[in-house]
Amino acid sequence: MTLTQILSEALVQLNLETDAQNAKAYKKKHTLYANEGAQDLALYLKLRRTDQLTLTSGALDLSALPRQCIRVLSVARGGTEYEFYYGAASGTIQVPYLTDGAVDVTYRYAPNDMTSDSDEPDIPKYLHKLLPTYIAGREHTTDDPTQQSRAKAYFELYEAGRRRARTNAGETDAFRIVNKF
């Protein structure tokens, strides 16, 4: 879904007209909410990606990654993972047992913000449909008790979708007992 489609669907869920004037009136605030929802999903689901970086003098500059790095999970070359540790400077990783060159860095990331109408959320496509519901929940978060009950209903729908997405992605409840024998 594009940002325009997400914002339009949010207006439909809020029982508001989707005409150009109304879309323009809510665009800034709802775009903020959509980006907030994408960030929430990425953190909750621990989304990860793998990108290539160049190891120079045993160090990796994480600012060269295309997304904001939350946590490095592995550094590999040719399918072999190597030990690493965080460097003295912020945003660097030291890989002491590897020669300079290209390496694959797997990391948890924060999605890029959507700004233009044709932007798509920087999260997997199956999660896009949760963003209009998140926007609707945020829109109803006010001091009015009636609005608060609507916000609660939207957030319950959003939370249910989030939990389903975690289960579908192979994640399960952290307290589940696993039989290893």
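Residues numbered from 1 in each chain as written. Predicted model: local features only at pLDDT ≥ 70, side-chain atom pairs only at ≥ 80, totals over all residues. Heavy atoms only, no water.

Once that is clear, we can look at the nonpolar core. Note on soluble globular proteins: their nonpolar side chains tend to be buried together. Among the nonpolar cores identified, the biggest contains 35 residues, and Leu60 and Leu127 are the most heavily contacted of them. Mapped by element, the contributors of at least two residues to this core are helix H1 (3-13), helix H2 (20-45), strand S1 (48-55), strand S3 (68-77), strand S7 (101-110), helix H3 (131-139) and helix H4 (145-168). The dominant element in this core, judged by the number of residues it contributes, is H2, at seven residues. Ignoring any residue separated from it by four or fewer positions in sequence, one finds Leu127 in contact with Leu41, Leu45, Leu47 and Ala165. (Core = buried A, V, L, I, M, F, W, Y, C linked by side-chain atoms within 4.5 Å. Buried < 20%, exposed > 50% of the residue type's maximum accessible area, 1.4 Å probe, protein only. Helix = DSSP H or I, 4+ residues; strand = E, 2+ residues; numbered from the N terminus. Contact = heavy atoms within 4.5 Å.)

Turning our eyes to something else, we now look at H3. Burial runs high along H3: eight of the nine residues are buried. Within the span of H3, buried status applies to Leu131, Pro132, Thr133, Tyr134, Ile135, Ala136, Gly137 and Glu139.

Looking at the chain, the pLDDT average stands at 90 and 92% of residues meet or exceed 70. For residues 172-176, every residue scores under 50 in pLDDT, and the model assigns this stretch one contact once sequence neighbours within four places are set aside. (pLDDT = per-residue confidence, 0-100.)

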